[in-house]
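# Structural characterization, general
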Amino acid sequence: MNVHGTVAAGFEPVREAFVRNFALRGERGAAVAVYRDGHRVVDLWGGTKDVDGTAPWERGTAQIVRSATKGVAAAVLLLLHQRGELDLDAPVGAWWPQYKAAGKERTRVWHLLAHRAGVPVLDRPLTPPQAADPEFAAEAIAAQAPVWEPGTDHGYHAQTYSWLTDGLVRRVTGRSLGAWVAEEITAPVGADLWVGLPDGETHRVGRVGPVAPPATETGGLRARPKRSVAQAYADPTSLTRRAFEAITPACDENDPAYRAAVLPGSNGIATADGLARFYAALIGEVDGGIRLFTPDTVELARTERSAGPDRILVVPTRFGLGYMLNGGACPLLTPGSFGHPGRGGALGFADPETGVAFGYVTNGFRTSVTADPRAQALVRALRDCLG
């Protein structure tokens, strides 16, 4: 496998782990980037641009990152709070009156970010065109009755996170969440990352698809899920299945219409460098330029707000405000790291104590939800580099 790119002195183990992913873990095409103290120290890519193709992955190839988009969406709400435009402790209905329906009048803004809103499912799932229609989707989520009293429990809002966050941002700012990201985050930071792919960038994005794990895989996490987890995903009436099937039938992730939609819970598109650069800008200046979060906002983002058995993922999870925190379901670099994985592949996070930001994207999605073995191999190698 020809792996391209550069690593700074001392970060060679990350390159070795990246090469092993192709040799041992069935990688088809991928990239990884790492920043430390605002400067890029790892920038690697290899394999094919398309999961089912032969054209090579190039520097600047981008891929859909699924739920890793949630960390980008969270930054919008936190930055609006940082600027005094959004009170995280205020009711969602203060900006979105229709949302107060069906017992949701006490839902706080921070409940949306910490997966405590109680609306991980829709009684009537949306079709892909309906999901991409911001007003239709906002009306559906606003009318939905919660399955638990908002604020009292937590469960992963796999799909509905898109309409909760975008619906609120549209009402606070008059802009879609994707437009806000483009204008206020990625343009100033210089990050190749989009929530709603512009027409001019479609040529850079590879085709994604499922890939099976190799028969023998070393260095991964649990290969077989617990019985309770498997049962939850198998039962069409479970909250787990209903949460992930809030869009039915499933969207075609290679469809240009899907990629152009603004779905901040699932369809962000990024390069590995763009994802890492975004997280680097959350915790410090990037290449001497802009910093997004103040130290106080960093602490808000990574302060635990939800922990324990997750009503949707059926395993213990930990969330700050929009970010997964280090734990068994989502192993990150250190106990102070915060970020977000994408189901079956992508991962982005920041670690303020070491000054590290990490981004990994792939075109081959595995069955793992939060802890992909390929991403975890890279994180372990990075941890070894830092000693």
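Everything here concerns the structure above.
Report on the accompanying structure. Predicted, not measured: the structure shown is a model, and the values here were computed from it.

Cut-offs applied
- Residues numbered from 1 in each chain as written.
- Predicted model: local features only at pLDDT ≥ 70, side-chain atom pairs only at ≥ 80, totals over all residues.
- Heavy atoms only, no water.
- 1 Å grid on protein atoms, 1.4 Å probe; cavity = no way out; pocket = protein on both sides within 12 Å on 5 of 7 lines; lining within 4 Å.
- Points joined across faces, edges and corners; volume = space filled by probe spheres on them.
- Nonpolar A, V, L, I, M, F, W, Y, C, P; charged D, E, K, R; others polar.
- Core = buried A, V, L, I, M, F, W, Y, C linked by side-chain atoms within 4.5 Å.
- Buried < 20%, exposed > 50% of the residue type's maximum accessible area, 1.4 Å probe, protein only.
- Contact = heavy atoms within 4.5 Å.
- Pairing = 2+ DSSP bridges.
- Helix = DSSP H or I, 4+ residues; strand = E, 2+ residues; numbered from the N terminus.
- Axes fitted to C-alpha atoms, helices over the stretch in contact; angles between N-to-C directions.
- Parallel < 35°, antiparallel > 145°, perpendicular 65-115°, else oblique.
- Lys, Arg positive; Asp, Glu negative; His and termini not counted.
- Salt bridge = Lys/Arg side-chain N within 4 Å of Asp/Glu carboxyl O.
- Polar contact = N/O pair within 3.5 Å; in protein donor to acceptor, adjacent residues only side chain to side chain.
- Phe/Tyr/Trp six-rings, centres within 6.5 Å; stacked < 30°, edge-to-face > 60°.
- Lys NZ or Arg CZ within 6 Å of the ring centre and 35° of its normal.
- Disulfide = S-S within 2.5 Å.

In this structure the tally under the stated criterion is one cavity of 30 Å³ or more. Here the largest cavity defines a volume of roughly 40 Å³. For the largest cavity, the lining is made up of 13 residues, of which Pro341, Gly345, Ala346, Thr370 and Asp372 are closest to its centre. Taken together, the residues that form the lining of the largest cavity break down as six nonpolar, six polar and one charged.

Right, let's talk about the nonpolar core for a bit. In this structure, Trp163, Phe278, Leu282, Phe293 and Tyr323 are the most contacted members of the largest nonpolar core, which totals 85 residues. Not counting residues within four places of it along the chain, the set of residues in contact with tyrosine 323 comprises Gly71, Ala74, Ala75, Leu78, Phe278, Tyr279, Leu282, Phe293, Ala301, Arg318, Phe338 and Gly339. Counting 36 residues, the second-largest nonpolar core is a separate cluster that includes Phe22, Ala30, Val42 and Ala375.

Below, the discussion takes up the sheet that holds strand 4 (residues 63-64). Strand order in the open sheet made by the three strands is 4-7-5, with antiparallel pairing throughout. Strands with a single pairing partner mark the edges of an open sheet, and in this sheet they are strand 4 and strand 5 (193-194). Pairing between strand 4 and strand 7 (residues 269-270): two bridges, direction antiparallel. Opposite glutamine 63, over in strand 7, you have alanine 270 as the bridge partner.

What follows deals with the packing of helix 2 (residues 69-82) against helix 7 (residues 177-189). Here helix 2 crosses helix 7 at 70°, and the two axes come no closer than 10 Å. On the basis of their axis angle, the class for helix 2 and helix 7 is roughly perpendicular. When helix 2 is examined against helix 7, the residues Val72, Ala73, Ala75, Val76, Leu77, Leu79 and Leu80 are found in contact with a partner set consisting of Leu177, Trp180, Val181 and Ile185. Its residues assigned to classes, the contact of helix 2 with helix 7 shows eleven nonpolar, no polar and no charged.

Attention shifts here to the side chain of aspartate 310. With respect to the helices and strands, the residue aspartate 310 is situated in the loop between strand 8 (306-309) and strand 9 (316-319). Lacking a salt bridge, the buried aspartate 310 has arginine 311 as its closest oppositely charged neighbour, with an N-O distance of 7.9 Å. Only 2.9 Å separates the side chain of aspartate 310 from the backbone nitrogen of leucine 313, close enough to count as a polar contact. The residues touching aspartate 310, leaving out its near neighbours within four places in the chain, are His154, Gly155, Tyr156, Val315, Thr317 and Phe319.

Further remarks concern the packing of aromatic side chains. The full count for this structure, using the stated rule, is ten aromatic pairs. Residues tryptophan 96 and tyrosine 99 carry aromatic rings whose centres are separated by 5.2 Å and whose planes lie at 40° to one another, so their mutual orientation is tilted. The residues tryptophan 96 and tyrosine 99 share a single accessibility class, namely buried. Taking 6.2 Å as the distance between ring centres and 70° as the angle between the ring planes, the aromatic pair formed by tyrosine 279 and tyrosine 323 counts as edge-to-face. You can see tyrosine 279 sitting in helix 11 (residues 272-283) and its partner tyrosine 323 sitting in the loop between strand 9 and strand 10 (324-325), a full 44 residues away along the chain. Here tyrosine 279 and tyrosine 323 have matching classes, each one buried. Members of the aromatic cluster, joined through ring pairs, are Tyr156, Tyr233, Phe244 and Phe319. Over the ring of tyrosine 99 we find lysine 104, and its NZ or CZ is 4.7 Å from the ring centre.

Across the eight residues that make up strand 2 (residues 29-36), a large majority, seven, are buried. Note that strand 2 and strand 3 (residues 39-47) share eight bridges and pair antiparallel. Counted as the bridge partner of tyrosine 35 is arginine 40 from strand 3. Linking two consecutive strands that pair antiparallel, namely strand 2 and strand 3, is a turn of two residues; a positive phi of about 50° is found at aspartate 37 within it. Direction of pairing for strand 2 relative to strand 13 (residues 356-362): antiparallel, over a ladder of seven bridges. Across the sheet, the residue bridging to tyrosine 35 is alanine 357, located in strand 13.

Inspection of the entire model under this criterion finds zero disulfides. The thiol sulfur of cysteine 385 is not disulfide-bonded, and the nearest other cysteine sulfur, from cysteine 330, lies at 20 Å.

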